[in-house]
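Listed below, chain by chain, are the residues.
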Amino acid sequence: MKCVILHESSGRIRVRMAQSRMTLRQADLLEAYLERQEGVRAAKVYERTGDAVIRYTGRREGVIAALARFSYADSSLKELDTVHSSRELNRQFQDKLVGMVAGRILRRLFLPAPLRMAWAVFRAVPYLIRGVRCLLKGRLRVEVLDAISIGVSLVRGDFGTASSVMFLLRIGELLEEWTHKKSVENLARSMALNVDRVWLRTREGEALVSVSQVEAGDLILVRTGGLIPLDGRVAEGEAMVNQASLTGESAPVPKRPDSLVYAGTVVEEGECVIRVESRPGDSRYDRIVSMIEESERLKSASENRAAWLADKLVPYSLLGTAVTWLLTRNATRAISILMVDFSCALKLAMPLAVLSAMGEAGRNRITVKGGKYLEAVARADTVVFDKTGTLTRACPTVVEVVPFDGREADEMLRLAACLEEHYPHSMANAVVRAAKEQNLAHEEMHADVEYLVAHGIASRVGGERVVIGSQHFVFEDEGCAVPEGEMEKFERLPNQYSHLYLAVGGRLAAVICVADPLRPEAAAVVNTLRGLGVSKVVMMTGDSVRTAAAIAAQVGVDEYRAEVLPEDKAAFVKSERAAGRTVVMIGDGINDSPALSAADVGIAISDGAAIAREIADITIAADDLFELGTLKLLANALMRRIDGNYRFVLGFNGGLILLGALGALPPATSALLHNLSTLAVSLKSMTNLLEEA
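Fair warning: this is a prediction, and the values are worked out from it, not measured in the lab.

Participant: Give me the lowdown on the packing of helix α4 (residues 113–136) against helix α5 (residues 142–155), citing residues and values where you can.
Facilitator: Look at α4 against α5: their axes get within 8 Å of each other, and the N-to-C directions meet at 140 degrees. What the angle tells us is that α4 and α5 run oblique. Once α4 is placed against α5, the crossing between them reads as left-handed. On α5, the residues that touch A120, A124, Y127, L128, R130, G131, C134 and L135 of α4 are E143, V144, A147, I150, G151 and L154. Among the residues forming the contact of α4 with α5, the class breakdown is 10 nonpolar, two polar and two charged.

Here is the structure:
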């Protein structure tokens, strides 16, 4: 598409697209397209002007070429068309806010006083009704304060004060609704699926295709640990499906032929063929929105405490009003107290602070599924790391294939890749990648794949049982043996690498040596976390004690556990929590899922297994562990802001009440200062936390 460069500087360019009008959907599509281009760090599209601001690294020619290639009609952009954003929601509420302010200004300028008074009485009716309903139900809530303050102002003939109070209340209600809906959409997007490819069953066999190519009626295959990408019915097979992210059920649900399965749920055990009933993006998003709107589970304790405190203070405000009137017989002083309540600031500023923190986390490539998880991160004193793919690089590489039993190294790598491509883990990815780099193409020559969590994979090829996995799995669980005369060769295997053992027909066929490099920032991240309040750092791994000890020494953790199973990780996390510690678990694999679920906060690596990302409360990008320090810093700053908000709201509004009772402030001034303070603390709550940290 043609565009005009408006301005550019180092690493930043602003362009205007050559189109007369840009729709919200087109803006979303262009923004999603730009953000997926290599070298683009961030992109922002402004639909009103048709401008796009792009921040990039590397050569500007690549950005210009990407803009030139872009076309809304490009069929390859089909999968981006399911992207949801807050653009439409923001436009809707911005228009409402502008309309509300403009309407008030026009009424003040052009309506005569009698009509303004009639309008004030008309607008007061809903507030009065809400207050009466609360009283009839025996509840003293903020609605009662609002109704009394507006009603008394009308009775005294102070229509200007009543109108001002109602206008500010409506502004507060609009901002609160906007905040709530925006937080729902942000959470829904953070929980949206991250599935690029699926196994499609065709007449020729299974094919790995883009999810955007799947149509209703197609058959897709999902194995153990896989995320179900689309709604459908089970056509073949049986599986235990974790539906916690959708229904809240803690136990996996059995799915058999003709059972309904839903996008976003995870196959924990077994495998099934699903007949697709919805296209990508058709239903999952709407169901997540409904789920969040019906549930308050993700609210932080601070948000709940703010709402509770706001209502709890209402009786004291009424008592103060009554006492002031009895002591002074001055209605103006009494009304001044009614004009000040703690509800607006407490109920609005706290959610805004949490929402802003979640948005700031997102801009730092950290996805947080709820405010309570940021609060838990701030309290965290224990951090548990999985080793492989977390403290070590998520892209280990195969450095050597040692064949046994007269086998050929290339054939064994080909066979291993054929099995491992069904297993979403970094070690498996390394095997598949090595085969691809050596042009070792493989057919689906095996029977059904059986995946055993934290152990390995088993199948049958040519009538023989083939297993690949850990030493414990291959030699102890499966009872395989080293071929005669090759024990010395087996004992000379290089110790500096992790090993995958491949056995065919009960005999060792090959050992695949995998380099598992330590992340260069791992030790610095551990020190950073300690400086931010974490007192205990633990590493857990299924590797041998020798490998675990070497990594632990380099990273500088306080403790490590080697040769652990998934249930061992979860048990350790539970024991730490039982001891009164707040535990954060960080992992990337299927075998980390029980521990992620057991922790106060589970953090998954973005390119890890689907089930780990789904179960986790927070997801960080895969290329930089320093995001953990950013997350902790952000969470600590959020709690400081929330505590500061409490002190300011209670102190400032308490001062207004005192001045009103003493007659130093008239009701209108009290209402104005109260609402200005609410606006100020709300705007402050929306500013970036990390700039202040």
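There is more to say, and it comes next.
Participant: Can you lay out the environment of A509 for me, pointing to particular residues and giving the numbers?
Facilitator: Mapped onto the fold, A509 is located in strand β19 (residues 507–515). Exposure remark for A509: the relative accessible area of 0% places this residue in the buried category. Residues A509 and P403 lie 106 residues apart in sequence; the distance between their C-alpha atoms is 5.9 Å. Ignoring any residue separated from it by four or fewer positions in sequence, one finds A509 in contact with V402, P403, F404, R407, M412, L502, A503 and V504.

Participant: So what's going on with the packing of aromatic side chains? Residues and values would help.
Facilitator: In the structure shown here, the tally under the stated rule is eight aromatic pairs. Considering the side-chain rings of W119 and F122, the 5.7 Å spacing of their centres and the 40 degrees angle between planes classify their relative orientation as tilted. Here the residue W119 and the residue F122 both occupy positions in helix α4, the gap between them amounting to three residues, near one helical turn. By relative accessible area, W119 is classed as partly exposed at 32%. Judged by relative accessible area, which is 54%, F122 ranks as exposed. With a centroid separation of 6.2 Å and an interplanar angle of 45 degrees, the aromatic rings of F490 and Y501 are classed as tilted. Taken together, the residues span a long stretch of sequence, with F490 in helix α18 (residues 487–491) and Y501 in strand β18 (residues 498–504) at a distance of 11 residues. On the accessibility criterion, F490 (14% relative accessible area) is buried. Residue class for Y501 comes out buried when judged on its relative accessible area of 6%.

Participant: Could you give an account of the sheet that holds strand β1 (residues 3–9), with specific residues and numbers?
Facilitator: Strand order across the open sheet formed by four strands is β1-β2-β4-β3, with antiparallel pairing between neighbours. A single partner strand is all that each edge strand has here, and the edge strands are β1 and β3 (40–46). If you compare each strand with its neighbour and ignore which way they point, the axes differ by 20 degrees on average. Sheet analysis places β1 next to strand β2 (residues 12–17), joined by six bridges and oriented antiparallel. Residue I5 lies in a different strand from β2, and its bridge partner there is V15. Contacts from helix α1 (residues 24–35) reach β2, β3 and β4 (51–56) within the one sheet, and its direction differs from that of β3 by about 170 degrees.

Participant: Can you break down helix α19 (residues 522–531) residue by residue, with the values?
Facilitator: Those residues of α19 that sit buried are A522, V525, V526 and L529. Across the axial projection of α19, the buried residues extend over an arc of 100 degrees, all falling on one side. Exposed side chains of α19 directed beyond 90 degrees from the buried face belong to N527 and G531.

Participant: Describe the pairing of strand β20 (residues 536–540), with residues and values.
Facilitator: Of all the five residues making up β20, five are buried; the element is thus mostly covered by neighbouring parts of the structure. By the alternation rule, side chains of β20 split into K536, V538 and M540 and V537 and M539, which are all buried. Bridge count between strand β13 (residues 382–386) and β20: five bridges; the pairing is parallel. By the bridge assignment for β20, F385 is matched with M539. Relative to strand β21 (residues 559–561), β20 runs parallel, the two sharing three bridges. Paired with V538 across the two strands is E559, which belongs to β21. What joins β20 to β21 is helix α20 (residues 545–555), and the crossover it makes is right-handed.

Participant: Talk me through the confidence of the model for the protein chain; I want residue IDs and the actual numbers.
Facilitator: For the protein chain, the mean per-residue pLDDT works out to 82, and 84% of the residues sit at or above 70. Mean pLDDT per element in the protein chain: helix α8 (residues 284–294) is the minimum at 51, and β20 is the maximum at 95.

Participant: I'd like a rundown of a nonpolar patch on the surface, residues and numbers included.
Facilitator: A cluster of nonpolar side chains, contributed by V101, I105, L106, L109 and F110, occupies part of the molecular surface with about 510 Å² of accessible area. Assignment of secondary structure puts F110 in helix α3 (residues 87–110). Residue classification places F110 among the exposed positions, given a relative accessible area of 64%.

Participant: Before we move on, could you go through the side chain of T392 and cite the residues and values that matter?
Facilitator: If you trace the backbone, T392 turns up in the loop between α14 (387–391) and β14 (397–403). Only 3.1 Å separates the side chain of T392 from the backbone oxygen of K387, close enough to count as a polar contact. Leaving out residues up to four positions away in the same chain, T392 has contacts with K387, D516, P517, L518, R519 and I551.

Participant: Explain the pairing of strand β5 (residues 197–202) to me, using residue names and the numbers behind them.
Facilitator: Here six bridges tie β5 to strand β6 (residues 205–210), and the two strands are oriented antiparallel to one another. Looking at β6, one finds that R201 is bridged to E206. Between the antiparallel neighbours β5 and β6 lie two residues. Pairing geometry for β5 and strand β7 (residues 219–222), over three bridges, is antiparallel. Looking at the pairing, W199 lines up with L221 of β7.

Criteria and thresholds
Residues numbered from 1 in each chain as written. Predicted model: local features only at pLDDT ≥ 70, side-chain atom pairs only at ≥ 80, totals over all residues. Heavy atoms only, no water. Axes fitted to C-alpha atoms, helices over the stretch in contact; angles between N-to-C directions. Helix = DSSP H or I, 4+ residues; strand = E, 2+ residues; numbered from the N terminus. Parallel < 35°, antiparallel > 145°, perpendicular 65-115°, else oblique. Left-handed = near helix turned anticlockwise from the far one by under 90°. Contact = heavy atoms within 4.5 Å. Nonpolar A, V, L, I, M, F, W, Y, C, P; charged D, E, K, R; others polar. Buried < 20%, exposed > 50% of the residue type's maximum accessible area, 1.4 Å probe, protein only. Phe/Tyr/Trp six-rings, centres within 6.5 Å; stacked < 30°, edge-to-face > 60°. Pairing = 2+ DSSP bridges. Arc of directions from axis to C-beta. Right-handed = clockwise from strand over helix to strand, strands pointing away. pLDDT = per-residue confidence, 0-100. Patch = residues over 30% accessible without salt bridge, like charges linked within 9 Å, V, L, I, M, F, W, Y side chains within 5 Å. Areas by Shrake-Rupley, 256 points an atom, 1.4 Å probe, with all protein chains shown as cover. Salt bridge = Lys/Arg side-chain N within 4 Å of Asp/Glu carboxyl O. Polar contact = N/O pair within 3.5 Å; in protein donor to acceptor, adjacent residues only side chain to side chain.

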